[in-house]
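Residue-level listing of the chains:
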Amino acid sequence: MRGTRDLALAGALLCVLAALFATPALYIPGFAALLCAALAPLWVALAGAGASLTLLTDASAVQEGERVRVSVRVRRGLLPLPGATLEPYPGAALVKPPLRHRRSETVVQAVMSRRGEQTLGPARLRLSDPLGICVRELCSGERRLLVLPRVHTISALALRDLDERGRSSLHTALELDSLRPYNPGGPAARIHWPTVARTGVLMERGFTAESDPRVLVMLDAHQPESEEALDAALRATASLCVHLARLGGCLLALPNDRRAPVIGLDPRHWPVLHARLALVRPAVRPARAVPPP
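Structural notes, computed from the coordinates. (Residues numbered from 1 in each chain as written. Predicted model: local features only at pLDDT ≥ 70, side-chain atom pairs only at ≥ 80, totals over all residues. Heavy atoms only, no water.)

## So, the packing of helix α5 (residues 227-246) against helix α6 (residues 270-278)
In a packed pair of helices, the relevant descriptors are the angle between the two axes and the axis-to-axis distance. Condition: Angles run from 0 to 180 degrees between N-to-C directions of axes, and those axes are lines fitted to C-alpha atoms, restricted for helices to the stretch in contact. Numbering of helices and strands runs from the N terminus; a helix is a DSSP stretch of H or I covering at least four residues, while a strand is a stretch of E covering at least two. Should an angle fall under 35 degrees it is taken as roughly parallel, and over 145 as roughly antiparallel, whereas 65 to 115 is taken as roughly perpendicular and any remaining angle as oblique. We call two residues in contact when some of their heavy atoms are within 4.5 Å. Each residue gets one label: Ala, Val, Leu, Ile, Met, Phe, Trp, Tyr, Cys and Pro are nonpolar, Asp, Glu, Lys and Arg are charged, and the others, such as Gly, are polar.
It is the contact of α5 with α6, at a shortest axis distance of 10 Å, that shows an interaxial angle of 170°. Here α5 is positioned roughly antiparallel relative to α6, judged by the angle of their axes. Contact with α5, carried on its side by L234, T237, A238, C241 and V242, involves W270, H274 and L277 of α6 and no other residues of that element. Grouping the constituent residues of the contact of α5 with α6 by class yields six nonpolar, two polar and no charged.

Here it is, written out as structure tokens:
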């Protein structure tokens, strides 16, 4: 509105000068400036009457570096605005919304680079008259997005040694549980020959695993070197969990957890833990071993 006042003062000054110096030619620009100063706010007021701005996204959670579709729905007022510009979100390039119709939609792409709960918006619509004398700004609401640690593909060769150790522990970490009747077709090495000699009945050894053979992934967020270092550790944790889940499952120990939840082949478990990883903050205490559920 400052431009309107300045223009009105300039028009009034021209009219005063025209009267003082008896120069009728100055009346024309003076009255023109006064007329523009009066019509510009009226134009913007009518164009903004009933106008609204709505910011929408196509997802509530995305991974780091992924693009999110941002749509801004504009409902203009009674008059079109040839000088209107739209900023879909802070830092985005300005665009000219199509305001020929009462309702329009502008779609852009945004890249979320940092994990955690982020705020997108507000969108801003700058309204002005054709001469840019009077300016008014409309703002939309904000959208909350959860930015998840990015999951990278891990090749089988990268974790070959870990996979081999996991398979070997499955076969070697066994203890004798009991004797049971021999199952025809089973390995002869399991037959307990002393019992056979004593009773004449074929019996075999029954074994149980000494411990859970699944890999325990433990996240230590105690005093990280930097926020970027913690983000890299979270990306590595998420990538490892997804890779190990496809191999049969793993255990994930997060800071302050009393139990290490299991990540298995059931896809319903992972999104909850992935969201928890996105919200991890530097821990006060070092990580400690936790038992499985």
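That was the structure; now back to the text.
## Looking at the nonpolar core
This is how the line gets drawn: Residues belong to a common nonpolar core when they are buried Ala, Val, Leu, Ile, Met, Phe, Trp, Tyr or Cys residues joined through side-chain atoms within 4.5 Å. Burial here depends on accessible area, computed with a 1.4 Å probe over protein chains only, as a share of the maximum for the residue type. Under 20% is buried, over 50% is exposed, and the range in between is partly exposed.
Residues L53, V68, V70, V72 and L125 are the most contacted members of the largest nonpolar core, which totals 25 residues. Among the secondary structure elements, those contributing two or more residues to this core are α2 (27-48), β1 (52-57), β3 (67-75), β5 (103-111), β7 (124-128) and β9 (143-148). The greatest single-element share of this core, amounting to four residues, is contributed by β3. Ignoring anything within four residues of it in the chain, the contact list for L53 reads V72, R73, V74, L86, A123, R124, L125, L138, C139 and S140.

## As for the pattern of salt bridges
Rule in force here: Only one rule defines a salt bridge in this text: a Lys or Arg side-chain nitrogen within 4 Å of an Asp or Glu carboxyl oxygen.
Inspection of every chain in the model, using the stated rule, returns eight salt bridges. Between D231 and R114 there is a salt bridge, and its shortest N-O distance comes to 3.0 Å. You can see D231 sitting in helix α5 and its partner R114 sitting in the loop between β5 and β6 (116-120), a full 117 residues away along the chain. The partner of R144 in a salt bridge is E117, and the shortest N-O contact between them spans 3.6 Å. Of this pair, R144 sits in strand β9 while E117 sits in strand β6, and the two are 27 residues apart along the sequence. Owing to a relative accessible area of 48%, R144 belongs among the partly exposed residues under this scheme.

## Thoughts on the side chain of R115
Put simply, the test is: We call two N or O atoms a polar contact when they sit within 3.5 Å, provided that within protein one can donate a hydrogen and the other can accept it, with sequence-adjacent residues counted only if both atoms are side-chain atoms.
With respect to the element layout, R115 can be found in the loop between β5 and β6. Reaching out from R115, the side chain makes a polar contact with the backbone oxygen of V280 at a distance of 2.9 Å. In contact with R115, not counting residues within four places along its chain, are E64, V147, P149, E227, L230, D231, L234, L277, A278, L279, V280 and R281.

## Focus: the environment of R114
Residue class for R114 comes out partly exposed when judged on its relative accessible area of 37%. A sequence separation of 36 residues divides R114 from R150, and the C-alpha atoms of the two residues are 10.0 Å apart. If sequence neighbours within four positions are ignored, R114 has contacts with E64, V147, E227, E228 and D231. For R114, the side chain forms a polar contact with the side chain of D231, separated by 3.0 Å.

## Re α2
Test applied: Residue count minus one, scaled by 1.5 Å, sets the expected span of a helix.
For α2, built from 22 residues, the straight-helix expectation of 32 Å at 1.5 Å per residue is met to within 8% by its first-to-last C-alpha distance of 32 Å. Within α2 the residues assigned to the buried category are G30, A33, A37, A40, V44, A47 and G48. Phi for G50, located one or two positions after α2, is positive at around 80°.

## Considering the environment of A8
When you line up the elements, A8 lands in helix α1 (residues 2-20). Relative accessible area serves as the criterion here: at 25%, A8 is assigned to the partly exposed category. With 26 residues separating them in the primary sequence, A8 and L34 have C-alpha atoms 5.1 Å apart. Those residues in contact with A8 that sit more than four places away from it in its chain are L34 and A37.

## Considering the environment of S113
On the secondary structure map, S113 appears in the loop between β5 and β6. Since its relative accessible area comes to 54%, S113 is described here as exposed. For the pair formed by S113 and L148, sequence separation is 35 residues and the distance between their alpha carbons is 9.8 Å.

## Description of the sheet that holds strand β2 (residues 61-63)
Just so we agree on the cut-off: At least two DSSP bridges between two strands are needed for those strands to be called paired.
The sheet built from three strands is open, its strands ordered β2-β9-β6 with mixed pairing. Sheet topology places β2 and β6 at the edges, where each strand pairs with a single neighbour. In this sheet, neighbouring strand axes are inclined to one another by 35° on average, regardless of whether the strands run parallel or antiparallel. Pairing of β2 with β9, which is carried by three bridges, proceeds in the parallel orientation. By the bridge assignment, V62 is partnered in β9 with V147. Packing against the sheet, α6 makes contact with β2, β6 and β9, and its axis sits at approximately 100° to β9.

## A look at the packing of aromatic side chains
Here is the rule: Only the six-membered ring of Trp is used, alongside the rings of Phe and Tyr, when aromatic pairs are assigned; centres must lie within 6.5 Å, and planes under 30 degrees apart are stacked while those over 60 apart are edge-to-face, with the rest tilted.
Within this structure, the stated rule accounts for one aromatic pair. Taking 5.8 Å as the distance between ring centres and 15° as the angle between the ring planes, the aromatic pair formed by Y27 and F31 counts as stacked. With Y27 and F31 both in helix α2, this residue pair falls four residues apart, about one helical turn.

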